[in-house]
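# Structural features, examined
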Amino acid sequence: MDKLIVLGTGHALTTKCYNTCFAITDEQEYILVDAGGGNGILGILDEAQIPFSHIHNAFVTHKHTDHLLGMLWIIRKISMLIATDKYEGNFNIFGHAELMQNLLTLIEITLDKNVAQWLGKRIMLCPVENGQRENLIGYEFTFFDIHSTKAKQYGFNVKLKNGKTLTCMGDEPYNPLCRKYVENSDWLLGEAFCLYGDREIFKPYEKHHSTVKDACELAEQLKIKNLILWHTEDRNLSKRKELYTDEGKLYYSGNLYVPNDLEVLEL
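So, a few notes on the structure that sits alongside this text. The structure displayed is predicted, hence computed values, not measured ones.

### What about helix H8 (residues 237-248)?
Between its terminal C-alpha atoms H8 stretches 16 Å, which fits the 16 Å expected from 12 residues at 1.5 Å a residue. Burial in H8 covers these residues: Arg 240, Tyr 244, Glu 247 and Gly 248. End-on, the buried residues of H8 take up no more than an arc of 90°, which puts them together on one face. Contacts from the buried residues of H8 go to helix H7 (212-221) and strand S13 (255-257).

Below, the structure is given as structure tokens:
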């Protein structure tokens with residue numbers, strides 16, 4: 001059964017939840033998408049009961065700290081397992097070419113040689129181009145440039161083993177140039193920085209982010225069947241699910257999900 005494990009749901013500066021990242025799984029192998037901003041990802045993977053020995057593929061959307069830096073800790077942990085013969089096969093990290101160079105630089109300046117020695121041997125940095133397709137553990141991924149106005153960023157559309165489609169647009173609003181990858185998706189993963197009613201407080205548009213209203217209106221227009229909202233503020237986390245759902249349902253008629261960290265969704 002295809003599942004999405006929510007590892008984090010917050011934006012870059014949240015302290016009450018982890019930065020937005022997740023895993024897709026067939027309940028045997030796990031594909032990581034982003035890793036948050038620090039070594040908290042190690043504890044979160046432990047809580048989610050995701051064994052490193054079953055992680056062989058990862059994708060990073062862009063270079064911002066809350067998406068990229070946690071991957072350094074994943075690399076460090078897997079390199080230790082490789083060195084002690086507790087990890088089989090390679091660990092493949094996908095992302096656009098500029099980002100892979102950024103990650104290589106970070107590895108070289110922050111991690112010891114006993115970690116870096118596995119680069120190109122067992123830990124593989126895999127640059128992808130706009131429109132490139134890859135089959136990862138039976139999932140058919142198509143990576144695409146989201147045409148960010150900030151840091152270069154890629155998302156993806158993936159055909160799941162159950163035949164449904166899931167689209168990840170990273171952490172920025174939809175660009176019409178990506179329509180063919182997004183429209184009619186069974187699942188859409190969208191950022192919603194805050195409620196529309198709180199836009200003057202959190203200034204989402206200044207940061208090139210969306211509100212719940214914006215994300216839900218978009219999903220309705222693009223005929224999305226299931227919408228997941230995350231990459232949010234954390235001011236009122238205990239009521240976030242209720243508040244975001246109430247606002248979202250005013251603009252979107254499909255199935256709306258506002259998950260908390262460590263929730264598991266059946267796709």
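### Quick look at empty space enclosed by the protein
Per the stated rule, a full pass over the model turns up one cavity of 30 Å³ or more. Looking at which element gives the most residues to the lining of the largest cavity, the answer is strand S11 (residues 187-191), with three residues. Grouping the constituent residues of the lining of the largest cavity by class yields five nonpolar, six polar and three charged.

### Let's talk about the layout of surface pockets
Here the largest pocket defines a volume of roughly 150 Å³. Lining the largest pocket are Arg 76, Ser 79, Met 80, Ala 83, Thr 110, Leu 111, Asp 112, Asn 114, Val 115 and Gln 117. The set of elements that each furnish at least two residues to the lining of the largest pocket consists of helix H2 (65-83) and helix H4 (113-116). Among the elements that make up the lining of the largest pocket, the one with the highest residue count is H2 (four residues). Residues belonging to the lining of the largest pocket are distributed by class as follows: four nonpolar, four polar and two charged.

Thresholds, definitions, all that
Residues numbered from 1 in each chain as written. Predicted model: local features only at pLDDT ≥ 70, side-chain atom pairs only at ≥ 80, totals over all residues. Heavy atoms only, no water. Helix = DSSP H or I, 4+ residues; strand = E, 2+ residues; numbered from the N terminus. Expected span 1.5 Å × (residues − 1). Buried < 20%, exposed > 50% of the residue type's maximum accessible area, 1.4 Å probe, protein only. Arc of directions from axis to C-beta. Contact = heavy atoms within 4.5 Å. 1 Å grid on protein atoms, 1.4 Å probe; cavity = no way out; pocket = protein on both sides within 12 Å on 5 of 7 lines; lining within 4 Å. Points joined across faces, edges and corners; volume = space filled by probe spheres on them. Nonpolar A, V, L, I, M, F, W, Y, C, P; charged D, E, K, R; others polar.

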